[in-house]
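Listed here are the chains, written in short residue letters.
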Amino acid sequence: MSIVEEKWEEILQKMKTEYCTSNISYTTWIEPLTIYEVKDDTVFIFVSLKASIEHIHDKYLLPFRVCIAEVTGKEYQVEFVTEDNVQVQKEAVAVKKQNDAIFEQANLNPKYTFDTFVVGNNNTFAHAASLAVAESPGNRYNPLFIYGGVGLGKTHLMHAIAHFILENDPTKKVLYVTSETFTNELIDALKHGKINNENATTSFREKYRNNDVLLIDDIQFIIGKESTQEEFFHTFNHIHGAGGQIIISSDKPPKDIETLEARLRTRFEWGLIADISSPDYETRMAILRKKEELDGLDRYHIPDEVLQYIATNVKSNIRELEGSLNKLIALAVLENKPIDIALAAEALKDIISPDQNRVVTPGLIMNVVSEHFNVSIADLKGKKRNSEIVLPRQVFMYLCNELTDEPLKSIGIELGGKDHSTVSHGVQKIESLLQEDEALNNTVNIIKKKINPI
Ligand SMILES: Nc1ncnc2c1ncn2[C@@H]1O[C@H](COP(=O)(O)OP(=O)(O)OP(=O)(O)O)[C@@H](O)[C@H]1O
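Residues numbered from 1 in each chain as written. Predicted model: local features only at pLDDT ≥ 70, side-chain atom pairs only at ≥ 80, totals over all residues. Heavy atoms only, no water.

The next point concerns the environment of Q245. By secondary structure assignment, the location of Q245 is in strand 7 (residues 245–250). Taking the C-alpha atoms as reference points, Q245 and S136, 109 residues apart in sequence, are found 9.2 Å from one another. Polar side-chain contacts of Q245 include one of 2.7 Å to the backbone nitrogen of G138. (Helix = DSSP H or I, 4+ residues; strand = E, 2+ residues; numbered from the N terminus. Polar contact = N/O pair within 3.5 Å; in protein donor to acceptor, adjacent residues only side chain to side chain.)

This part is about the side chain of Q394. Structurally, the position occupied by Q394 is in helix 18 (residues 387–403). If sequence neighbours within four positions are ignored, Q394 has contacts with H425, G426, K429 and I430. (Contact = heavy atoms within 4.5 Å.)

We now examine the domain arrangement of the protein. Here the domain parsing of the protein yields domain 1 (1–81), domain 2 (112–273), domain 3 (279–354) and domain 4 (360–449). One C-alpha centre belongs to domain 3, the other to domain 4, and the line joining them spans 28 Å. (Domains from an automatic or database assignment.)

Turning our eyes to something else, we now look at the UniProt feature "binding site: ATP" (unreviewed entry) in the protein. Here the UniProt feature "binding site: ATP" (unreviewed entry) sits at G151, G153, K154 and T155. Structurally, G151 is set in the loop between strand 4 (144–148) and helix 7 (154–168). A relative accessible area of 13% means that G151 is categorised as buried. Filtering out sequence-adjacent residues up to four positions away, G151 remains in contact with N317, I318 and R319. Following the sequence through the fold, T155 ends up in helix 7. Non-local contacts of T155, meaning those with residues more than four positions away in its chain, are made with Y112, Y176 and D217. (UniProt positions renumbered as here; feature names shortened; annotations may be inferred. Buried < 20%, exposed > 50% of the residue type's maximum accessible area, 1.4 Å probe, protein only.)

Quick look at the pairing of strand 2 (residues 42–46) now. Most of strand 2 is tucked away: 4 of the 5 residues are buried. In this structure, strand 1 (residues 34–39) lies alongside strand 2, joined through 5 bridges in antiparallel fashion. Along strand 2, the bridge assignment pairs I35 with I45. In this structure, strand 2 lies alongside strand 3 (residues 77–81), joined through 5 bridges in parallel fashion. In the sheet register, F44 faces strand 3, and the bridge partner there is E79. In this view, the connection linking strand 2 to its parallel neighbour strand 3 by way of helix 4 (residues 53–72) has right-handed handedness. (Pairing = 2+ DSSP bridges. Right-handed = clockwise from strand over helix to strand, strands pointing away.)

The environment of the ligand is formed by 18 residues, the closest being V118, K154, T155, H156 and E322. Between the ligand and the protein, one listed contact pairs an oxygen atom with a side-chain N or O atom of K154 at 2.8 Å. Residue H156 places a side-chain N or O atom 2.7 Å away from an oxygen atom belonging to the ligand. For the ligand, the protein covers 92% of the area, taking 630 Å² as the surface of the free molecule. For the shell around the ligand, the residue count by class is 7 nonpolar, 7 polar and 4 charged. Both domain 2 (112–273) and domain 3 (279–354) contribute no fewer than three residues apiece to the shell around the ligand. (Near = heavy atom within 4 Å. Areas by Shrake-Rupley, 256 points an atom, 1.4 Å probe, with all protein chains shown as cover. Nonpolar A, V, L, I, M, F, W, Y, C, P; charged D, E, K, R; others polar.)

Spatially, 3 strands are ordered 1-2-3 in an open sheet, and the strand pairing comes out mixed. Each edge of the open sheet is held by one strand with a lone partner, namely strand 1 and strand 3. Sheet twist, expressed as the mean angle between neighbouring strand axes with direction ignored, is 25 degrees. (Axes fitted to C-alpha atoms, helices over the stretch in contact; angles between N-to-C directions.)

Once that is clear, we can look at the environment of V86. Topologically, V86 is positioned in helix 5 (residues 86–105). In the structure, V86 is positioned 175 residues away from E261 in sequence and 58 Å away in space, judged by C-alpha atoms.

Another aspect to go through is the packing of helix 6 (residues 124–135) against helix 7. Closest axis-to-axis distance for the helix 6/helix 7 pair is 8 Å, and the angle between their directions is 25 degrees. Between helix 6 and helix 7, the angle falls in the class roughly parallel. Relative to helix 7, helix 6 is oriented so that their crossing is right-handed. Of helix 7, the residues touching helix 6 (which contributes A126, H127, S130, L131, V133, A134 and E135) are L157, I161, F164 and I165. Each residue belonging to the contact of helix 6 with helix 7 can be placed in one class, and the counts come to 8 nonpolar, 2 polar and 1 charged. (Parallel < 35°, antiparallel > 145°, perpendicular 65-115°, else oblique. Left-handed = near helix turned anticlockwise from the far one by under 90°.)

Shown next, in the form of structure tokens:
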């Protein structure tokens, strides 16, 4: 029996207390529901009264997903079925699974699609250009070069293009990578190529050149590295020459990237260049509302004035806008506080300084390291000793030591109470790895630029 079946009664009770406005709505809609099947990460809920399925779907789908996740500690998809549509639903889920596998292979974040992207004054042109490329890849706008400041939606748009193309034609070979991955894989391939007679470089080339659509994020990080520019130049020519689509993002337009080789600059300027700027107040509000809807935050009934407070104060980075909302909810839930302006001010204090400048604090470094390595802050602060967590944790120690005035003891406290000698060992470990490991050097430099882009 799956954990959802085991805890079904508890899930129903949670639905009752948190989402049903009256006892009658619980007994009419929710209580009669049973589990038809739990398969992989999908819960099929059986609706015996066929006529009610649409109403139940519209009103209770998201609440069920939230309650199931909260009770079981795991996220599930939810599908409502009646005796008529069980088979159709199961086939639809199987197709979705297949698509998800294709998206995963292309390195795509399932949340970044055109549907979840808010079009506003700051991105109208970039959005239109992206949609045009998604509809006709390898055609008129090739390459598409999207540029703009930190956290403004470049990656989101790139993933949206890739999703759109794969949804229309799952046989297309689509690959999204960051320029960091491209560079580090090239470094590894060159290193192993010397040992293994070039096999590694051949497979590197196959991986990157053999694509209908290649998306390279944050191209600014390969600038200045001759061998990477050279390899990317050939990759570009190969794909473009074969009629494939290339999409590139950067923090600046090609003409302002000083160390970019002229031949690459010319190629980047062949296609279409689109910028994303900072969103205005209305767009920031629309993004907050969209996030509220997508993440099922409506149930916290966040007052309008609180959303307005966040949208007024977090101006130039959408990642920070979203981070503020997450922090607000976390404070409200964990500390059991009412959601009001005072709590919003508390949530924002780590994210913005009064003059809106970025101050390099251990908190900022922790956020960037956690996002970069895709390791949670709880794991960074925790006790797990596996290498996927130890390396980011030691990188955090190293960066705090280098970029802030914090003594080793306070860095240890930031990390959930590690002692001075553990931090000192971590800092030294990274210092010595940096002497010999070029890929780690590349990664650490990129994280530094993310912490402080100037
Ligand atoms: N217009 C938008 N609508 C909805 N969400 C958005 C929008 N723009 C950005 N976001 C969200 O903001 C966050 C940061 O966006 P993203 O990672 O795409 O930024 P970026 O420009 O690639 O940043 P970086 O320069 O750090 O690589 C993501 O969670 C993304 O979904």
